[in-house]
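Each chain, letter by letter, is given below.
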Amino acid sequence: MKKFAPYFLLFCITLHAQVGKGITAPLPAFNLIEKAVSNNALVENPGTDATNLKTTAFHGAAFKNPTPKVDLRGVFLPSVSNLSWPTNRHASPAAQQAELLAILNDIKANGYNTVFLQVRPESDALYASTIDPWSYWLTGTQGTAPTPFWDPLEFAVKEAHARGLDLHAWLNPYRVKQTPTMDLAPNNVANLHPTWTFQARLNAKDKALSLKMLNPGLPEVRNYIVRVVQDIANRYDVDGIHFDDYFYPYSGMEVTPQDAKTYLENNPTKIATIEDWRRNNVNLMIGMVYDAIQTVNISQNKNIVFGVSPFGIWKSGTPTGISGTSSFSALYCDPIAWLHSNKVDYLAPQLYWKITKAQDYMALSKWWNDQAKLYGKQLYVSQGYYRMDYTNPWETTEIQNQINHNRLAHMDATFGQIAYSYTTIKKNSKGLNQVLNNKQHKYKSFAPPILGPTKDSIGPIMPANIRLEASKILWDTPEAALDGDLPVKYVVYAFDNAEEAISKKNDGSKILDIVAGNELTLTKTQWSTKVFVVSSLDKNNNEAGDFTKTHSIRALKSKHCELAINPTNEADAVN
């Protein structure tokens, strides 16, 4: 009896699809609403004629459904106070590494795709830095390196990417010290430059001015923060740089402001009020950080994105019916100015409130969505998972309903959410993990690409030589794209038939997995009943896949039968 060597069709590149929101250049101050409407359109740019490529960028509405495939599902992993990782600053590097690997596995298993790892909580570093000292929260003594030596950020990036997860480095730009028992290292910025700092209250009850922070009004401070960000962006393969909500102190400035002298001496444009001057200080820092990241992206062919999680209320009274602490007036930061000046890639406002209560989640998230849409940016809502273990604890349905709301069609600039924090996921509070895995996280997703003049707009090449062998689907790494990039991960889809591969290509329920390797093991049922598509994702999550060419064991068997009846090449036959 003759056996025929496997015969697989090589498919040509017919479609090169980049999925995401049509992002435009920064909009001028006039006629914003009229111009923003054009963002809804499908934007198409012809690709390279030689390979018949076509690049398309879709507005978010094309991907808004109950099972989205383009959906950032992030997790905040705070290191300050050893909240989520490392939970023991005195543990050995091996133990801390094992804990981090377990966390990454848990995050992956529970349907999340992006990690926001806090690497600079108090002007220190959970990475090898020549600028800031080693973190107290890593080794128990600020300035003391881990023994044996290791670099947590390098390790985290490598291991996250190996699991198909994105990783953003989360920094607090201004905070120096909030832990009374912690001694600052000799090379901490506050010891090297004591005049760059001031003391503030941690909260309304703090009478001792226990918070030490950098003075945002000093040009030297802004330059220093930029150097820190440049260092990380240059040396680590992070997917993003992320700032949290701590700018000027939540407790407010003193009656005699700590920065009164700074205002007088560092106000070259003669800004009329100290409040507007403070907001401008933060705006300048945000703009400088954004520009520095873009320079790194261009010079090193990277795609590092930059975003901020501001406090959830911009101004008290906005939107109507919302009142409370104001990011604009209390913390002196203006996220809308950052959107308007095109100095962030996304916002992730902290909406740690319930639906229909005084600070209504639905009203606030819709308002932030509309601001992001107006300026052609993306929104990821920071959600208060921690409230499930807080005073008057939430039920799991609150988290579910918030995610469902984010996926509604009118939330057309919202592409996901970020959980604060991993601790709730680790505890599996009230069975939250099972609840989400049975519904909102039942199917895999990947974070959306972020478009812009310094972002990667050249998609990858599709996987090569897709084939089915021994209950696995396999593929080869394709050639580099025009920008020199190879895929960083792959999306494996399973459809009922070839027609469904076209009609439901944007349905996340059809994704089997997203992997960094070149194979995926299939179940017996999948192997025998489904047809498959494999697509490539690059460093910006641009996707390339041919949904008109499916692969299945049925097609393979049919081809084998055809070859057995009418062999076309003796070389195909072996004894």
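Report follows, based on the coordinates. (Residues numbered from 1 in each chain as written. Predicted model: local features only at pLDDT ≥ 70, side-chain atom pairs only at ≥ 80, totals over all residues. Heavy atoms only, no water.)

Concerning the packing of helix H10 (residues 361-374) against helix H11 (residues 396-406)
How two helices sit against one another is set out by the angle between their axes and by the gap between those axes. Relative to each other, H10 and H11 sit at 30°, their axes nearing to 11 Å. Judged by the angle between their axes, H10 and H11 are roughly parallel. For the pair H10 and H11, the crossing hand works out as right-handed. Together, Tyr 361, Met 362 and Ser 365 of H10 and Gln 402, His 405 and Asn 406 of H11 make up the contact between the two elements. (Axes fitted to C-alpha atoms, helices over the stretch in contact; angles between N-to-C directions. Helix = DSSP H or I, 4+ residues; strand = E, 2+ residues; numbered from the N terminus. Parallel < 35°, antiparallel > 145°, perpendicular 65-115°, else oblique. Left-handed = near helix turned anticlockwise from the far one by under 90°. Contact = heavy atoms within 4.5 Å.)

Brief notes about the sheet that holds strand S20 (residues 519-521)
Taken in spatial order, the three strands line up as S16-S17-S20 in an open sheet, and their pairing is antiparallel. Every interior strand has two partners, whereas the edge strands, strand S16 (464-469) and S20, have only one. The sheet shows a mean angle of 10° between the axes of neighbouring strands, taken without regard to direction. With four bridges joining them, S16 and strand S17 (residues 472-476) adopt antiparallel strand pairing. (Pairing = 2+ DSSP bridges.)

Looking at helix H4 (residues 152-162)
Those residues of H4 that sit buried are Pro 152, Leu 153, Phe 155, Ala 156, Val 157, Glu 159 and Ala 160. Summarising the contacts, the buried residues of H4 are in contact with helix H2 (93-109), strand S5 (114-120), helix H3 (136-139), strand S6 (166-171) and helix H6 (219-235). Residue Gly 164 follows H4 closely and has a positive phi angle near 75°. (Buried < 20%, exposed > 50% of the residue type's maximum accessible area, 1.4 Å probe, protein only.)

Details of the nonpolar core
Judged by nonpolar contacts, the single largest core of 109 residues is most densely connected at Ile 232, Val 238, Ile 241, Phe 243, Ile 286 and Phe 306. Not counting chain neighbours up to four residues away, the residues in contact with Ile 241 comprise Ala 169, Leu 171, Val 229, Ile 232, Ile 293, Ile 304, Val 305, Phe 306, Gly 307 and Tyr 346. Counting residues in each nonpolar core, the second largest holds 26 residues, with Val 70, Tyr 493, Ile 511 and Val 533 among its members. (Core = buried A, V, L, I, M, F, W, Y, C linked by side-chain atoms within 4.5 Å.)

Some remarks on the packing of aromatic side chains
Each aromatic ring pair is described using two quantities: the centre-to-centre distance and the angle formed by the ring planes. Tallied over the entire structure, the rule returns 29 aromatic pairs. Ring plane angle 75° and centroid distance 5.9 Å describe the contact between Tyr 250 and Phe 311, whose orientation is recorded as edge-to-face. Of the two residues, Tyr 250 sits in the loop between strand S10 (240-243) and helix H7 (260-265) while Phe 311 sits in the loop between strand S11 (305-308) and helix H9 (335-340), which places them 61 residues apart along the sequence. For the ring pair Trp 314 and Phe 328, a centre distance of 6.0 Å and an interplane angle of 75° mean the geometry is edge-to-face. Of this pair, Trp 314 sits in the loop between S11 and H9 while Phe 328 is found in the loop between S11 and H9, placing the two residues 14 residues apart along the sequence. Phe 328 shares its class with Trp 314; the two are buried. In textbook terms, an aromatic cluster arises when at least three aromatic residues are bridged by ring pairs, as seen for Phe 76, Phe 116, Trp 170, Tyr 352, Tyr 386, Tyr 390 and Tyr 420. In this structure, Arg 278 packs its charged tip against the face of Tyr 332, placed 4.8 Å from the ring centre. (Phe/Tyr/Trp six-rings, centres within 6.5 Å; stacked < 30°, edge-to-face > 60°. Lys NZ or Arg CZ within 6 Å of the ring centre and 35° of its normal.)

Some details on the pairing of strand S4 (residues 72-77)
Remark: a regular strand shows side chains that alternate across the two faces of the sheet. Counting buried positions along S4 gives six out of six residues, so the element sits mostly inside the fold. The alternating pattern of S4 places Leu 72, Gly 74 and Phe 76 and Arg 73, Val 75 and Leu 77 on opposite faces, both of which are buried. Sheet analysis places S4 next to strand S15 (residues 414-419), joined by four bridges and oriented parallel. Its bridge partner being in S15, Leu 72 is matched across the sheet by Gly 416. Both S4 and S5 contribute to a ladder of four bridges, which runs parallel. Opposite Phe 76, over in S5, you have Phe 116 as the bridge partner. Once you follow S4 into H2 and on to S5, the crossover reads as right-handed. (Right-handed = clockwise from strand over helix to strand, strands pointing away.)

Description of the pattern of salt bridges
Applying the stated criterion to the full structure yields 26 salt bridges. For Lys 343, the salt bridge goes to Asp 291, with nearest N and O atoms at 2.7 Å. Of this pair, Lys 343 sits in the loop between H9 and strand S12 (346-347) while Asp 291 is found in helix H8 (residues 274-300), placing the two residues 52 residues apart along the sequence. Between Glu 395 and Lys 430 there is a salt bridge; the shortest N-O distance is 3.1 Å. Taken together, the positions of Glu 395 in the loop between strand S14 (378-383) and H11 and Lys 430 in the loop between helix H12 (422-427) and helix H13 (432-437) put the pair 35 residues apart, joining distant regions of the chain. On the accessibility criterion, Lys 430 (41% relative accessible area) is partly exposed. In this structure, a network of salt bridges that share partners links the residues Asp 456, Asp 483, Asp 485 and Lys 539. (Salt bridge = Lys/Arg side-chain N within 4 Å of Asp/Glu carboxyl O.)

A few points about unusual backbone geometry
That bond from Trp 85 to Pro 86 is cis: its omega, -15°, falls within 30 degrees of zero. Among the structural elements, Pro 86 can be located in the loop between S4 and H2. Looking along the chain, the bond that leaves Thr 147 and enters Pro 148 is cis, with omega of -5°. Within the secondary structure, Pro 148 sits in the loop between H3 and H4. Here Ser 123, not a glycine, exhibits a phi torsion of approximately 50°, which is positive. Taking relative accessible area as the criterion, Ser 123 reaches 0% and is therefore assigned buried. The phi torsion at Lys 430 lies on the positive side, around 55°, for a residue other than glycine.

Looking at the sheet that holds strand S22 (residues 543-544)
Strand order across the open sheet formed by four strands is S19-S18-S21-S22, with antiparallel pairing between neighbours. If you trace the sheet from one side to the other, it starts and ends with strand S19 (511-515) and S22, each paired once. Both strand S21 (residues 531-537) and S22 contribute to a ladder of two bridges, which runs antiparallel. Within the sheet, the bridge partner assigned to Leu 537 lies in S22 and is Glu 543.

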